[in-house]
Amino acid sequence: MTETIILVALGIFLLLATILLSYYNGYAQMQEENRELEKVLEDQFILQAESFDTYLSMLNEACREGNLWDGHSSKKR
């Protein structure tokens with residue numbers, strides 16, 4: 001009788017350990033996917049920031065070349 005109780009307890013323990021390990025593996029996989037997505041989003045953010053800086057630089061240069069930067073407008077021509 002005692003041996004049966006011990007075997008049932010060990011079976012329950014192994015079942016719980018298996019369930020916990022499967023949950024942990026799913027959690028670890030989800031964390032890895034989140035890290036990959038975070039890296040992609042960070043790279044995209046940096047790319048957009050650099051593109052915006054480039055756009056502003058081009059706009060500033062165009063305004064300077066067109067004499068628009070110093071308060072001149074196209075109406076005075």
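Refer to the structure above for everything that follows.
Residues numbered from 1 in each chain as written. Predicted model: local features only at pLDDT ≥ 70, side-chain atom pairs only at ≥ 80, totals over all residues. Heavy atoms only, no water.

Comments concerning the overall build of the protein
At step 1: A tally of regular secondary structure across the protein gives one helix and zero strands.
At step 2: When the accessible surface of the protein is split by element, carbon and sulfur atoms take 64% of a total near 7,400 Å². (Helix = DSSP H or I, 4+ residues; strand = E, 2+ residues; numbered from the N terminus. Areas by Shrake-Rupley, 256 points an atom, 1.4 Å probe, with all protein chains shown as cover.)

Considerations on the pattern of salt bridges
At step 1: Applying the stated criterion across every chain, the model contains three salt bridges.
At step 2: With a closest N to O distance of 2.7 Å, Glu-32 and Arg-35 form a salt bridge. Of the two residues, Glu-32 and Arg-35 are both situated in helix 1 (residues 2-65); the distance of three residues between them amounts to about one turn of the helix.
At step 3: Between Arg-64 and Glu-61 there is a salt bridge, and its shortest N-O distance comes to 3.1 Å. (Salt bridge = Lys/Arg side-chain N within 4 Å of Asp/Glu carboxyl O.)

Observations regarding a nonpolar patch on the surface
At step 1: Judged by side-chain polarity, Val-8, Ile-12, Leu-15, Leu-16, Ile-19, Leu-20 and Tyr-23 come together as a nonpolar surface patch covering roughly 730 Å² of accessible area.
At step 2: Topologically, Ile-19 is positioned in helix 1. (Patch = residues over 30% accessible without salt bridge, like charges linked within 9 Å, V, L, I, M, F, W, Y side chains within 5 Å.)

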